[in-house]
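Structure at a glance
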Amino acid sequence: MSAYLDHAATTPMRESAREAWTEQARRGGNASSLHTSGRAARAVVEESREQIADALGARPSEVVFTSGGTEADNLAVKGTYAARLRSVGASRLVASGIEHHAVLDPVQHLVRRQGAEVTWLEPDRCGHVSVEDLRGVLASGGADDVALVSVMWANNEVGTVQPVADLAAAAREAGVPFHTDAVQAVGQLAVDFAASGADLMTVSAHKVGGPVGVGALVARRDAKLVPLAHGGGQERQVRSGTLDAAGIRAFAVALTEAVAERESAAARLTALRDSLIEGALGLDLGITVSGCWTAGDATSRLPGNAHLLVPGCEGDSLLYLLDAAGVECSTGSACQAGVPQPSHVLLAMGYPEVEARGALRLSLGHTSTGADVEAFLSALPGVVERARRASGAA
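The rules behind these values
- Residues numbered from 1 in each chain as written.
- Predicted model: local features only at pLDDT ≥ 70, side-chain atom pairs only at ≥ 80, totals over all residues.
- Heavy atoms only, no water.
- Core = buried A, V, L, I, M, F, W, Y, C linked by side-chain atoms within 4.5 Å.
- Buried < 20%, exposed > 50% of the residue type's maximum accessible area, 1.4 Å probe, protein only.
- Helix = DSSP H or I, 4+ residues; strand = E, 2+ residues; numbered from the N terminus.
- Disulfide = S-S within 2.5 Å.
- Expected span 1.5 Å × (residues − 1).

To continue, consider the nonpolar core. The biggest cluster of nonpolar side chains holds 55 residues, and the ones touching the most others in it are Phe65, Val149, Trp153, Phe178, Met201 and Phe251. Residue assignment for this core shows that the elements contributing at least two residues are helix H2 (36-56), strand S2 (63-66), helix H5 (131-139), strand S5 (146-150), helix H6 (164-173), strand S7 (200-204), strand S8 (215-219) and helix H8 (245-260). Counting residues per element, this core draws most heavily on H8, which supplies eight residues. Core analysis: the next-biggest nonpolar cluster, separate from the first, contains 30 residues, Leu276, Ile287, Leu322 and Val383 among them.

With that settled, consider the state of the cysteines. Following the criterion strictly, the structure yields one disulfide and no others. Linked covalently through their sulfurs, Cys126 and Cys292 form a disulfide whose S-S length is 1.7 Å. Every disulfide takes its handedness from the sign of the S-S torsion; for Cys126 and Cys292 that torsion is -60 degrees, giving left-handed. Residue Cys126 is located in the loop between strand S4 (117-121) and H5, and its partner Cys292 is located in the loop between strand S9 (288-289) and strand S10 (305-309); the two are separated by 166 residues in the primary sequence. You can call Cys292 partly exposed: its relative accessible area is 36%. Unpaired in terms of disulfides, Cys313 finds its nearest cysteine sulfur in Cys329, a separation of 12 Å. Here Cys313 falls in the buried class, since its relative accessible area comes to 6%. Cys329 sits in the buried class, given a relative accessible area of 9%.

With that settled, consider helix H3 (residues 69-88). Residue pairs three or four apart in sequence face the same way in an α-helix, which turns once every 3.6 residues. Here H3 contains 20 residues, and its C-alpha end-to-end distance of 28 Å stays within 8% of the 28 Å for a straight helix at 1.5 Å per residue. For H3, the set of buried residues is Gly69, Ala72, Asp73, Asn74, Leu75, Ala76, Val77, Gly79, Thr80, Tyr81, Ala83 and Arg84. Downstream of H3 by a residue or two, Gly89 has a phi angle that is positive, lying close to 80 degrees.

Following this line, the structure appears as structure tokens:
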């Protein structure tokens, strides 16, 4: 049986969410229809919207359902850029250099195709973005110059947690909308949209034990967004498409459960993560931890994130050899899997390319056990030996 250590890519659906999805899928109904089954589906959607908002510290009217985190990020970046360009002529974007590609690529698209300018906030060696750096960037332009600031709540590769409230406050002082991708943070950290001060926040169902294909952009009522697609305008006239009532219901159930058990889960995952890291460091293989890690810390680094650098190895070789040994993990974002290039996150943090190529991301979740950690540590020495022979480093 495989040891699954790739929960940051997707985590197995919770049984409660699976049951909720099946129950609603049997009923059917289009939530935009006015007949009995349509009204029943609408009731499920709205009840779920309220449940999701409550779990995220938001108002129900602020929850805009999407097909997932990527669509929500695109709507936040492109939709806000278009609105701000139209209203005040702002054409500059500010984003961290360690964002997920769901933010990086829309930014780069706007630069290439629509003449946008971008200022990258480069992180320190731990992966933290400086609030003072952001203040300096905003002071150099002003509210009518910058369309949007986007900094993720927690990094999907190295697990670094950003000072979101402070960053959002700096943006608000300058009169600039602030977006945060909280896909990895929800369920592992205390995420409160209202308290964070963010204008826009991205969340995704399948990272908390819900189904793939459902997510949301949490957007303040006064957030200005130009829609990316046009149609029925089902979600506040900024997102069109028939709502997935079954997926939304399962999302609400999974999110509520994940948030309710967050504190106990964080303590359990932190202990497992520390056991994994300490075990790997103790194998005398020259392994180091990417970013900053302190045993027992569950606030500055995601509780379920372990990111290791293995010298003399290619990450892809390690991944395939571990997979053959029954251990499933990744070298970075699953959205970039199969692309033989070093992590842009590690490069932005100042790691040389030769070190960045030997990266392994081990991420734990609600189904993880000590046996998974033991399986990884047991397989690792042999895997590293074979990977180094393959690269000529041994």
